[in-house]
Structure formats: C-alpha cells, structure tokens
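Examination of the molecular architecture
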Amino acid sequence: MEEETNLALYLTYLEGDSILEWMENDKYSQEAKLYELIGEEVIDTHVKKMLDEILNEYDDVVSKGSHDIGNCKLVKHDIRLNNERLIKRKQSPRSAKENEWIKGQIDEMLKNGVIEPFTSPYAFNIVIVGKKDGAGEGMDRMCINYAPLNEVTEKDSGPIPIIKEYLALFHGVKWLTILDLASAYWQILLIKRSRKYTVFLTAYGLYQFKVMPFGLVNASAMF
C-alpha cells in the first residue's frame, strides 16, 4: 500500500480478514487514530458530511463537554466492606494554584450533580494527575486515593475481554466506528448508603460522590 493512501477510505473498503491484518499492522495501528480518521487532512468531504448528519441526528447522546453526561438507570454501584473500621486520612497540603484548580473542578462537578457536600467518618485525599503531553501543566485530572478503602472492600470478579474474539467480530465489515463514553464511570449511579465511603477532603469542605468515582477496586467489574 502506498504512503499517500487515504486511511479513511482504505478502512471503508476493507473486507474479510484484511481488516484483522490492518488492525495488527504496527504502522497503521499507530497512524489510524480517531482524530486522524475524522480530521480534515484524512477524511473526504462526503464522509465528513455523513458524520455530521449522524452527530446531529443523535445530538441528545453526544457529550458537549467533560461533564456533560447522563446516567445509566439499569444498575447502581454498591460498595460492600468486609471491615467496617473507619478510615479518615489527614488532608494533604496544597499550593494556592492547586487549590484554585481544585475549586474549579468542584464547582463544575457540583453544577452537574456528580458530587454533593457531606460530612462522614470516612475521608480520603485528592491526587492531581497530569497528562503525558503536559497540556494542563500537571493538573489535568482530579482523582481520589481510595487505596485504603479498596483494602477493606469485598472484591467482585468480572470477565477479562479476549482481544482476539473482539477482532474476529470485524470479519466482513466495511465500516469501523469508534465511540468513547464521556466520563464513563460517572454515568453509573452510586447506591445512597455507599456514598459516605467516597468522601474526599478539600480546603473548601468535604464532598461525596453521587456517581461511581474512578479509583474504586470494583469499578471496572461493574462497568
């Protein structure tokens, strides 16, 4: 295949086992990322128009921002402990810049119903995580260190996906669509009695999650 091959069109017309070969080819696996497939430099006008029509048709399920999410009504996450001993961590020191950034995150989560003010005998510390590209100057995601809670949580078992089985499902396809859930774990609600276990410490008070936060030991099995 020549260097100038349009990846989007090439993917469009793949059939049979050739798509598996394409998926396993290091060069094109690295190059064919979502934004490259829908970017102006790769995709042609006709395909972009079809994509715009699909996004407009399903506008109600397309996230417009990092906290623009819905909630799954079919299941709720429950935190079950095998040891009811209280866990309360001492608040970690923060710089003024970090506290200001955390305040912005809290305000956004409160506005979108992700968290709520609460006092609880359980309390955990915030961990600020930066992305590898350094875009957020080391402050890209606010996580909670639930390691002490996970130690006393009853562990759930869940199936581990077998990648080859999923790749086999692509046999005979002509189109490959990639969808990513916005703040996926936050779309699953927490059972009310479990919320007190998720309380985290800030300079502005204590808050608990109303949805399933990242960092819980059973979150991936539930998801």
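Note: the structure precedes this text.
Presented here is a report on the structure given in the accompanying data block. Computed from a prediction, not measured in an experiment: that's the story for all the values here. (Residues numbered from 1 in each chain as written. Predicted model: local features only at pLDDT ≥ 70, side-chain atom pairs only at ≥ 80, totals over all residues. Heavy atoms only, no water.)

**Description of the nonpolar core**
The nonpolar side chains of a soluble globular protein tend to be buried with one another. Under the convention used in this document: The set of buried Ala, Val, Leu, Ile, Met, Phe, Trp, Tyr and Cys residues whose side-chain atoms join them within 4.5 Å is what this entry labels a nonpolar core. Think of it in three bands: residues with accessible area under 20% of the maximum for their type are buried, residues over 50% are exposed, and the middle band is partly exposed, with areas taken using a 1.4 Å probe on protein chains only. Note on conventions: DSSP H or I runs of at least 4 residues are helices, E runs of at least 2 residues are strands, and numbering of each starts at the N terminus. By definition, residues are in contact when any of their heavy atoms lie within 4.5 Å.
Among the nonpolar cores identified, the biggest contains 32 residues, and Ile-115, Phe-200 and Phe-209 are the most heavily contacted of them. Looking at this core, the elements with two or more residues in it are helix H6 (96-111), strand E3 (126-129), strand E4 (141-144), strand E5 (188-190) and strand E7 (205-209). Tallying contributions element by element places H6 first for this core, with four residues. Contact partners of Phe-200, with chain neighbours within four places excluded, come to Ile-115, Phe-124, Ile-126, Met-142, Ile-144, Gly-205, Leu-206, Tyr-207 and Phe-209.

**Brief notes about the pairing of E7**
In plain terms, the rule: Strands were regarded as paired on the criterion that DSSP finds at least two bridges between them.
Pairing of strand E2 (residues 115-117) with E7, which is carried by three bridges, proceeds in the antiparallel orientation. Across the sheet, residue Ile-115 finds its bridge partner in E7, namely Phe-209. In the sheet, strand E6 (residues 200-202) pairs with E7 via three bridges, with the strands oriented antiparallel. Across the sheet, the residue bridging to Leu-201 is Leu-206, located in E7. The antiparallel pairing of E6 with E7 creates a hairpin that spans two residues between the two strands.

**Quick notes on the sheet that holds E6**
For clarity, the threshold we go by: Axis definition: a line fitted to C-alpha atoms, limited for helices to the stretch in contact. Angles are taken between N-to-C directions and run from 0 to 180 degrees.
The three strands lie next to each other as E2-E7-E6, forming an open sheet whose pairing is antiparallel. With partners counted over all chains shown, the strands left at the sheet margins are E2 and E6, one partner each. Neighbour-to-neighbour, the strand axes of the sheet open up by a mean angle of 35 degrees, direction not taken into account. Here H6 sits on the sheet and contacts E2, E6 and E7; the angle it forms with E2, its principal contact strand, is near 105 degrees.

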